[in-house]
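# Inside the fold
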Amino acid sequence: LVMACPLEQALAVMVTTFHKYSGKEGDKYKLSKAELKELLNKELPVFESKRMDEAEFKRLMNDLDHNKDSELDFKEYICFLACVTMGFNEFFKDGPAKQPRRK
């Protein structure tokens, strides 16, 4: 048995996490608003979606929902993760010890 490399494991986690939540209600290949909220709360607590008010969460969902079907498909989810990853890169590229620059 060959162990997957860390990057392969990370890709598998992104896929399996999507499907863990997308199958709960409605279309099993899309995230509803409730499914996205649960995913963020449980899998990305750093995102602090619990602190988001309804208007902020609606705005986030609207920004992510490129085809405006009120759900997130896998591509929209991955685009969101890419944006979050770019934010992490900005934060850590000068080393975690440094404070993030204010823009």
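Attention now moves to the pattern of salt bridges. In the structure shown here, the tally under the stated rule is seven salt bridges. The shortest N-O distance in the salt bridge between Glu 43 and Lys 20 comes to 3.0 Å. Pair noted here: Glu 43 is in helix H2 (residues 33-43) and Lys 20 is in helix H1 (residues 6-22), with a separation of 23 residues, a long-range link. Residue Glu 43 is classed as partly exposed on the basis of its relative accessible area of 32%. You can call Lys 20 partly exposed: its relative accessible area is 49%.

Counting 16 residues, the largest nonpolar core has Leu 31, Leu 36, Leu 40 and Phe 80 as its most contacted members. Breaking this core down by element, the ones donating at least two residues are H1, H2, helix H3 (54-64) and helix H4 (74-92). Those residues in contact with Phe 80 that lie beyond four places of it in its chain are Leu 40, Leu 44, Phe 47, Leu 60 and Leu 64.

Moving on, we get to H2. Residues that lie three or four places apart on an α-helix share one face, since the helix turns once every 3.6 residues. For H2, the complete set of buried residues consists of Glu 35, Leu 36, Leu 39 and Leu 40. The buried residues of H2 occupy one face: seen down the axis, they fall within an arc of 135°. Lining the buried residues of H2 we find H1, strand E1 (30-31), H3, strand E2 (72-73) and H4.

Rules used in this analysis
- Residues numbered from 1 in each chain as written.
- Predicted model: local features only at pLDDT ≥ 70, side-chain atom pairs only at ≥ 80, totals over all residues.
- Heavy atoms only, no water.
- Salt bridge = Lys/Arg side-chain N within 4 Å of Asp/Glu carboxyl O.
- Helix = DSSP H or I, 4+ residues; strand = E, 2+ residues; numbered from the N terminus.
- Buried < 20%, exposed > 50% of the residue type's maximum accessible area, 1.4 Å probe, protein only.
- Core = buried A, V, L, I, M, F, W, Y, C linked by side-chain atoms within 4.5 Å.
- Contact = heavy atoms within 4.5 Å.
- Arc of directions from axis to C-beta.

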